[in-house]
Amino acid sequence: QVQLEESGGGLVQPGGSLRLSCEASGRIFSTYDMGWYRQAPGQQRALVARIRGDGSTDYADSVKGRVAISRDNAKDTLVLLLSRLKFEDTAVYYCHAGLQSPSGVYFREYWGQGTQVTVSS
C-alpha cells in the first residue's frame, strides 16, 4: 500500500516563497505520474503541476513561471517550489501519484492528506 505525506505548507506573505515536499512510503515506480493539486474553499480540486515518468512537466496557466516541480525517483519524493505567491494561491495542496491509461484516465492513483498554504499579509 502506498501512502503519500506532504509537508512544507504554512502561512506566507504575498510575494513570498514556499517549498512543498511529498514523500511516498511504499514503492512509487518511475513510470507513475506525480503531481500537485490544490483545492480552495468552494472550488474543485485542480492540477497545479505534474511531472510524468519521462520527466516532462505540465503546469497550470495560473502558476506558470512561478512554480517548479521536481522528483527524485530513487527517494520517492516530489518537490514543489512556489514563488511570488499570491492571495489566490491559498488552498490545500495535495500530492498525487498515478498510472495513466492510454486514454488518459488514471486507473491506479494515490493521494496525500494535503497541506495548507495560506497567503496573507
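Bear in mind the structure is a predicted one, so any value in this text is a computation, not a measurement.

Let's talk about the pattern of salt bridges
Evaluated as defined, the whole model comprises 6 salt bridges. A salt bridge links R52 to D33; the nearest nitrogen and oxygen atoms lie 3.1 Å apart. Residue R52 is found in the loop between strand 5 (46–51) and strand 6 (57–59), and its partner D33 is found in strand 4 (residues 33–39); the two are separated by 19 residues along the sequence. Connected through shared salt-bridge partners, D33, R50, R52 and D58 make up one network.

Some remarks on the sheet that holds strand 7 (residues 67–72)
Ordered by their spatial adjacency, 4 strands build an open sheet running 1-3-8-7, and the pairing between neighbours is antiparallel. Single-partner strands in this sheet number two, and they are strand 1 (3–7) and strand 7. Across the sheet, the mean angle from the axis of one strand to that of its neighbour is 15 degrees, orientation sign disregarded. With 5 bridges connecting them, strand 1 and strand 3 (residues 18–25) associate as antiparallel partners. Residue E5 lies in a different strand from strand 3, and its bridge partner there is E23.

Thoughts on the confidence of the model for the chain
Detail in the predicted coordinates should be disregarded across regions flagged by low pLDDT. Confidence in the prediction for the chain averages 94 pLDDT; 100% of positions are at 70 or higher. By mean pLDDT, the top-scoring element of the chain is strand 11 (residues 115–119) (98), and the lowest-scoring one is strand 10 (residues 106–111) (92).

Structural notes on the packing of aromatic side chains
Using the criterion set out here, one finds 2 aromatic pairs in the structure. Their ring planes at 70 degrees and their centres at 5.0 Å tell us that Y37 and W111 sit as a pair that is edge-to-face. One end of the pair, Y37, is in strand 4; the other, W111, is in strand 10, with 74 residues separating them in the sequence. On the accessibility criterion, Y37 (13% relative accessible area) is buried.

Cut-offs used in this document
Residues numbered from 1 in each chain as written. Predicted model: local features only at pLDDT ≥ 70, side-chain atom pairs only at ≥ 80, totals over all residues. Heavy atoms only, no water. Salt bridge = Lys/Arg side-chain N within 4 Å of Asp/Glu carboxyl O. Helix = DSSP H or I, 4+ residues; strand = E, 2+ residues; numbered from the N terminus. Pairing = 2+ DSSP bridges. Axes fitted to C-alpha atoms, helices over the stretch in contact; angles between N-to-C directions. pLDDT = per-residue confidence, 0-100. Phe/Tyr/Trp six-rings, centres within 6.5 Å; stacked < 30°, edge-to-face > 60°. Buried < 20%, exposed > 50% of the residue type's maximum accessible area, 1.4 Å probe, protein only.

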